[in-house]
Amino acid sequence: MPAFIDPPVSSRPVSRLVLERAIGVAARRATLPGGIRYTERQLYYETCRVLRPTPAPLRRIPHSPRPPLRLPHFTEALRGLEPAGLLPPPHRAVPTIGGPAREPDLYAYGLPRLLICQDRSIAWMLLANHVHLEAACPVLSAADDLPLDPRLVGALERAEGATVHVLHDASPTGVTLPARVREQLGPVPGVRVASLGLVPRHARTLRLVTGRAPGPVPALGALPPGLRPEEVAWLAGGRFAEVASVAPARLLRAVLRLTRGPRPSRHSVWGELRELRTAGFMTWPDA
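Predicted, not measured: the structure shown is a model, and the values here were computed from it.

**Here we look at the overall build of the chain**
Thought 1: Scanning the chain from terminus to terminus reveals 13 helices and 7 strands.
Thought 2: When each of the 287 residues of the chain is scored for burial, the buried share is 50%.
Thought 3: Here the contacts in the chain between residues at least 6 apart in sequence split such that 79% fall between residues at least 24 apart.
Thought 4: With an accessible surface of roughly 14200 Å², the chain has 57% of that area assigned to carbon and sulfur atoms.

This is the structure in structure tokens:
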């Protein structure tokens, strides 16, 4: 999660009654379909969409709107409410979030796929919605599980063609996470590191609510070569979009589609782009 998490506001304050009603509507939307579990941060962004819906004629126009609601105001209004489906904050009760620590036999087999989330809360949400079971893919948290356990690296290597998927924010820290994972993984033959997003163009295409860093923006480090010049300028301007700003149902669909499918060929680029555009995400294999 970016350090600059309190986004600016660009509209008049919302009354407490209106805000509580908006939170109720957002909570019902977040659970659809089928009783999805979601985080407080995801509920915040869903509430922003309720307060500022996108008119139908504008839904195909790329845009990344500013939030209509300050995060502290939302947090205060949420206090005392108990929306159905809201997950408690994740707690570190075991050495890793889900997967290997609870299933030690996993180390003895080949592991074809692994998902690392930049945001611990998103990893917690994916686990709560059983993504690790549906995709047969352990879900880990970058903050808690990097560098990877050597036994887990060995399981990836035994799979002969494994992919480590990385789900991250569209922020300077987020877009460089796949390269850091690749560096920490080391020269493991046959193991690929691929980004699931987000990158700045996803924020515009999906019309995600975005924030801006307060104060001067530090100089950007080495960025992925796949970023476009306008995306680099977007990041340099202090803009960011969190994975939590993607609607919960859409996030689950995209992650499942991209993790449980067959490993895409490096030569079938256009077919891969069409598939990932449908899901709303992009993958970048490591060089």
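**Here's the deal with the packing of helix α4 (residues 120–128) against helix α12 (residues 248–260)**
Thought 1: Between α4 and α12, whose axes approach to 11 Å, the crossing angle comes to 80°. Viewed along their axes, α4 and α12 adopt a mutual orientation that is roughly perpendicular. Residue-level contacts link Ile122, Met125 and Leu126 of α4 to Pro248, Leu251, Leu252 and Val255 of α12.
Thought 2: Of the residues assigned to the contact of α4 with α12, the class counts are 7 nonpolar, no polar and no charged.

**Regarding α12**
Thought 1: Its 13 residues give α12 an end-to-end C-alpha distance of 18 Å, which sits within 8% of 18 Å, the value for a rise of 1.5 Å per residue.
Thought 2: For α12, every residue scored as buried is listed here: Pro248, Ala249, Leu251, Leu252, Ala254, Val255, Leu256, Leu258 and Thr259.

**A few points about the side chain of His132**
Thought 1: Structurally, His132 can be placed in helix α5 (residues 131–134).
Thought 2: Given a relative accessible area of 18%, His132 falls into the buried group.

**Some remarks on the environment of Thr75**
Thought 1: As for its position among the elements, Thr75 is in helix α3 (residues 71–78).
Thought 2: Classification of Thr75 as partly exposed rests on a relative accessible area of 29%.
Thought 3: Separated by 31 residues in the primary sequence, Thr75 and Tyr44 place their C-alpha atoms 8.3 Å from one another.

**Some thoughts on the packing of aromatic side chains**
Thought 1: The tally for this structure, following the rule as stated, stands at 2 aromatic pairs.
Thought 2: Members of the aromatic cluster, connected to one another through ring pairs, are Tyr44, Tyr45 and Phe74.

**Considerations on the layout of surface pockets**
Thought 1: Each pocket or cavity is described by its volume, and for the largest pocket that value is around 670 Å³.
Thought 2: It is helix α2 (residues 40–51) that contributes the most residues to the lining of the largest pocket, 3 residues altogether.
Thought 3: When grouped by side-chain class, the residues that make up the lining of the largest pocket number 11 nonpolar, 3 polar and 8 charged.

**Looking at the nonpolar core**
Thought 1: Counting residues in each nonpolar core, the largest one holds 53 residues, and the members touching the most others are Leu115, Leu126 and Leu167.
Thought 2: When sequence neighbours within four positions are dropped, the list of residues in contact with Leu126 reads Leu115, Cys117, Val131, His132, Val139, Leu167, Leu252 and Val255.
Thought 3: In terms of nonpolar packing, the next biggest core, distinct from the first, is built from 19 residues, Leu140, Ala142, Leu156 and Leu185 among them.

**Observations concerning the pattern of salt bridges**
Thought 1: Within the structure shown, the criterion is met by 7 salt bridges.
Thought 2: Measuring nitrogen to oxygen at the nearest pair gives 2.9 Å for the salt bridge that ties Glu242 to Arg41. Highlighted residues: Glu242 in the loop between β6 (239–240) and α12 and Arg41 in helix α2, separated in sequence by 201 residues. The same class applies to Glu242 and to Arg41, which are both buried.
Thought 3: One salt bridge in this structure joins Glu231 and Arg201, with 2.6 Å as the shortest N-O distance. Of this pair, Glu231 sits in helix α11 (residues 229–236) while Arg201 sits in helix α10 (residues 200–205), and the two are 30 residues apart along the sequence. For the pair Glu231 and Arg201, one class covers both residues: buried.

**Overview of the pairing of strand β4 (residues 192–197)**
Thought 1: β4 sits mainly inside the fold: 6 of its 6 residues count as buried.
Thought 2: Here strand β3 (residues 163–167) pairs with β4 via 5 bridges, running parallel. Along β4, the bridge assignment pairs Val166 with Ser195.

Thresholds, definitions, all that
Residues numbered from 1 in each chain as written. Predicted model: local features only at pLDDT ≥ 70, side-chain atom pairs only at ≥ 80, totals over all residues. Heavy atoms only, no water. Helix = DSSP H or I, 4+ residues; strand = E, 2+ residues; numbered from the N terminus. Buried < 20%, exposed > 50% of the residue type's maximum accessible area, 1.4 Å probe, protein only. Contact = heavy atoms within 4.5 Å. Areas by Shrake-Rupley, 256 points an atom, 1.4 Å probe, with all protein chains shown as cover. Axes fitted to C-alpha atoms, helices over the stretch in contact; angles between N-to-C directions. Parallel < 35°, antiparallel > 145°, perpendicular 65-115°, else oblique. Nonpolar A, V, L, I, M, F, W, Y, C, P; charged D, E, K, R; others polar. Expected span 1.5 Å × (residues − 1). Phe/Tyr/Trp six-rings, centres within 6.5 Å; stacked < 30°, edge-to-face > 60°. 1 Å grid on protein atoms, 1.4 Å probe; cavity = no way out; pocket = protein on both sides within 12 Å on 5 of 7 lines; lining within 4 Å. Points joined across faces, edges and corners; volume = space filled by probe spheres on them. Core = buried A, V, L, I, M, F, W, Y, C linked by side-chain atoms within 4.5 Å. Salt bridge = Lys/Arg side-chain N within 4 Å of Asp/Glu carboxyl O. Pairing = 2+ DSSP bridges.

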